[in-house]
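# Examination of the molecular architecture
Here's the letter readout for the chains.
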Amino acid sequence: MALEISKVLLHVKENNKEHRTDDVSVKRLMVRRGQSFKITLHTNRQFQPDTDTLLFTAETGPKPSEEKGTRCVFGYPKSTGAKKAWTALVQESGRSSMTLAISSPADASVGSYNLYMREGSHASPQSITNMVLLFNPWCTEDWVHLPEEAKRQEYVMAEQGIIYRGSADRIGPLAWNFGQFEEDMVDICMKLLDMNPKCLRDPAEDFSARCNPIYVGRVVSAMINANDDRGILAGRWQTPYSGGVAPTHWSSSVDILRRWYKSHYSPVKYGQCWVFAGVMCTVLRCLGIPCRVVSNFQSAHDTDKNLTIDEYYTDHGVQPKESDDSVWNFHVWVEGWMKRPDLSGDSTYDGWQVLDPTPQEQSSGVFCCGPCPVKAVLEGHSDLKYDVPFVFAEVNADQVTWMLMRDGSKHRLRTVTSNVGQNISTKAVGAYRREDITASYKYPEGSKKERLVFEEAVRRGNGHKPRPELPLKPTVVKLEITEEKEPITGQDLELSLLLHSEHLREFSVQINAQAMRYTGVPDSLVYRAEKDVLLQPKQDLKISIRIPFSLYGTKMLDNSSLKVSALVHDKQHPGDGYLAVKNIVPQEPTITIQAPSTCQQFTEVTAEVIFENPISSTLRDGVLTITGSGLLSHTVVARIPVLEADQRVRFRIPFTPYRAGCRKLMADFDCDTFRDMKGSCNVEVKPNLVVSPPYTTFNGSIYGA
């Protein structure tokens, strides 16, 4: 009697739970490579593995082939010529059913697969299901294997995180919703891979290469920006943000990825580095590649690849706008975890790899960066791929400051080897606190090892030799700019300039404050003062600096900091100049969001957002935006046309959590005076095993208090 199969059970809920994808779906089979999943077949008699024919076919891509590893026929009898062999093993067999364990190889291409089955030697293949195959950090044979469970939970499973911004001495956390397990994220991420130019040129080759996380990481890095392709985000670093929103508005990757998908793959406007990195982290975690968002403070952008950043000031102390090199207040990228057998026969360069989706410089003709081994950056191995010299400069370039004279000449004020690459930060594993990972990128500043590595990077790099340094005159004047009180947006800024010399000096002091984009590019001059002073020998002289909010407030709407500089000229020696610089990042007013710290899944609760106008003038055109993966099925937006001085607004949001686990509710308030103030709170959602998921609408209410 011929074997006949009447029913196939996919055990989707159980399989997805075993493969840690049940947060995405319990209706669609989503599994990880190198790990088995089970199916049950209802049969008309007991299966005989030695004589019966039962073959499965797994295919991915438009032109699947066994040669390229995108097609495999497997089962009974056990014979296959496929490059990457899947397996089907009988676990249980009875008179009317049997259960099989199906496994993909640990180096199978990730993506959407069609699974077919054929019983008997002459029957036609029947479609079983369309399934998703992902990278597997739990599988020791997968190139993305991450040994520690706590790290897998943080770098693969965590849907909320922190992105650090600000300046080296004033680091601020930004809550970010990655949301990689929202049900539509998998399809969006697969479409992103399908839209990449390499796939459009040669889909068969691209689908075959998706077995390699190095390749996939590089493709995703290019596709997050829209510079070369129909990528996710258009970047813009200055106003106006026409046809879109300011990059500071975003606090969730989910909204951005959905907009791109629903617009038929038109770039979402606009992003800057932390937005690019946040979206890339979502995509990589969705695909199964462990990753984390990393912030580098005082981050160099070295355009001529000589590992030196040239910074210019005019002879009256203002930084001109034109400069090829720059030092950003901060820059944000992603680290992905993977092996690098393409670089070494051992594990030397395995582990964290820099992947930077912000379109700064081209890599092999494409705006992408990485994967660049962090270990190669640490040791100055700048001849390795990909993009090690660029990343090395970001964290360890030397900085030379020049004064441009009116006659066209330039005078070197100082060379600093320790300013670039400070407080490199990421979120700690399992905790909402900052972890400093600077030591993984560079040896301690000032150490002999750090200088030896710098010289090694120059030697291995593009052949540039370190520029010979002309001797600087000994510093005879000490000057420093300090904050007299914490700088807060909405208040006047109070600073001081401290001067000290061993000898009697007569100085001309020029103090300037420029509104700066976070990329180190000056936007506008907001404050200027000049005075002559007589500095007594061996005595400190303190000059007070007050910058009114009325001068800097509107200039800071779309800029991140004020660069306050003091240029001191010696009247007895006109060629001698001394410079002090301080980056000021005013703290934003607070916005408070409150919700129950714990609640039940599928049970309605209420959150409340509170904001009080902190200044003596009216705020206009206010927009409040609330998001939260697993808590709100869509973004809630409320408009607040007018908020008088000292007036407080409260906004209540009833919501029904639809996914269990640690969740984060996030609020953003934007108006004519303040740009995108943020607030967030954590909500622990307890699973409800009884109630089925309802779908509700959300009606917020605003009232004054």
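Residues numbered from 1 in each chain as written. Predicted model: local features only at pLDDT ≥ 70, side-chain atom pairs only at ≥ 80, totals over all residues. Heavy atoms only, no water.

### Overview of the overall build of the protein
The helix and strand tally for the protein stands at 12 helices and 38 strands. Relative to the globule expectation of 27 Å for 705 residues, the C-alpha radius of gyration of the protein, 29 Å, shows essentially globular dimensions. For the C-alpha atoms alone, the extent of the protein along its principal axes is close to 110 × 65 × 40 Å. Burial status across the protein gives 56% buried among its 705 residues. Total accessible area computed for the protein in this model is approximately 29,400 Å², and 49% of it derives from carbon and sulfur atoms. Across the protein, 81 positive and 85 negative side-chain charges occur, with their mean positions spaced 2 Å apart. (Helix = DSSP H or I, 4+ residues; strand = E, 2+ residues; numbered from the N terminus. Rg over C-alpha atoms; globule rule 2.2 N^0.38 Å. Buried < 20%, exposed > 50% of the residue type's maximum accessible area, 1.4 Å probe, protein only. Areas by Shrake-Rupley, 256 points an atom, 1.4 Å probe, with all protein chains shown as cover. Lys, Arg positive; Asp, Glu negative; His and termini not counted. Charge placed at Lys NZ, Arg CZ, Asp CG, Glu CD.)

### Side note on the sheet that holds strand β26 (residues 522-535)
Taken in spatial order, the four strands line up as β26-β25-β28-β29 in an open sheet, and their pairing is antiparallel. Two strands lie at the open edges of the sheet, namely β26 and β29 (577-584), each paired on one side alone. Averaged over neighbouring strand pairs, the angle between their axes works out to 15° when direction is ignored. Relative to strand β28 (residues 561-570), strand β25 (residues 505-516) is paired through 10 bridges, and the arrangement is antiparallel. Residue Q514 lies in a different strand from β28, and its bridge partner there is K563. (Pairing = 2+ DSSP bridges. Axes fitted to C-alpha atoms, helices over the stretch in contact; angles between N-to-C directions.)

### Re unusual backbone geometry
Residues T239 and P240 are joined by a peptide bond in cis, for which omega reads 0°. Looking at the secondary structure, you find P240 in the loop between β12 (233-235) and α7 (253-262). Between G370 and P371 the backbone carries a cis peptide bond, its omega angle lying at 0°. Here P371 is to be found in the loop between β17 (351-355) and β18 (372-373). Even without being glycine, H264 reaches a positive phi, approximately 60°.

### Some thoughts on the confidence of the model for the protein
For the protein, the average pLDDT comes to 91, and 95% of its residues sit at 70 or higher. Predicted confidence for residues 694-705 stays below pLDDT 50, and this span has 32 contacts to residues more than four positions away or in other chains. (pLDDT = per-residue confidence, 0-100. Contact = heavy atoms within 4.5 Å.)

### Side note on the pattern of salt bridges
Summed over all chains, the structure comprises 45 salt bridges. Close ionic contact of E612 with R648 constitutes a salt bridge, the shortest N to O distance being 3.3 Å. Within this pair, whereas E612 is found in strand β32 (residues 605-612), its partner R648 is found in strand β35 (residues 648-655), the two being separated by 36 residues in sequence. Measuring nitrogen to oxygen at the nearest pair gives 2.6 Å for the salt bridge that ties K678 to D668. Within this pair, whereas K678 is found in strand β37 (residues 677-686), its partner D668 is found in strand β36 (residues 661-670), the two being separated by 10 residues in sequence. (Salt bridge = Lys/Arg side-chain N within 4 Å of Asp/Glu carboxyl O.)

### Observations concerning the packing of aromatic side chains
Per the stated rule, a full pass over the model turns up 19 aromatic pairs. Relative to Y518, the ring of F330 has its centre 4.7 Å away and its plane inclined at 25°; by these criteria the two rings are stacked. In this pair, F330 sits in strand β16 (residues 326-338) while Y518 sits in the loop between β25 and β26, placing the two residues 188 residues apart along the sequence. Take Y518: its relative accessible area is 5%, and that puts it in the buried class. A centroid spacing of 6.3 Å and a plane angle of 45° characterise the contact between F392 and F454, whose relative ring orientation is tilted. (Phe/Tyr/Trp six-rings, centres within 6.5 Å; stacked < 30°, edge-to-face > 60°.)

### A few points about the environment of G278
Position of G278 among the secondary structure elements: in helix α8 (residues 273-287). Classification of G278 by relative accessible area gives buried; the value is 0%. Linking G278 and N177, residues 101 residues apart in sequence, is a C-alpha distance of 8.3 Å.

### Remarks on the side chain of D310
Tracing the sequence through the fold places D310 in strand β15 (residues 308-314). Polar contacts involving the side chain of D310 include one to the side chain of W402, which spans 3.1 Å. (Polar contact = N/O pair within 3.5 Å; in protein donor to acceptor, adjacent residues only side chain to side chain.)

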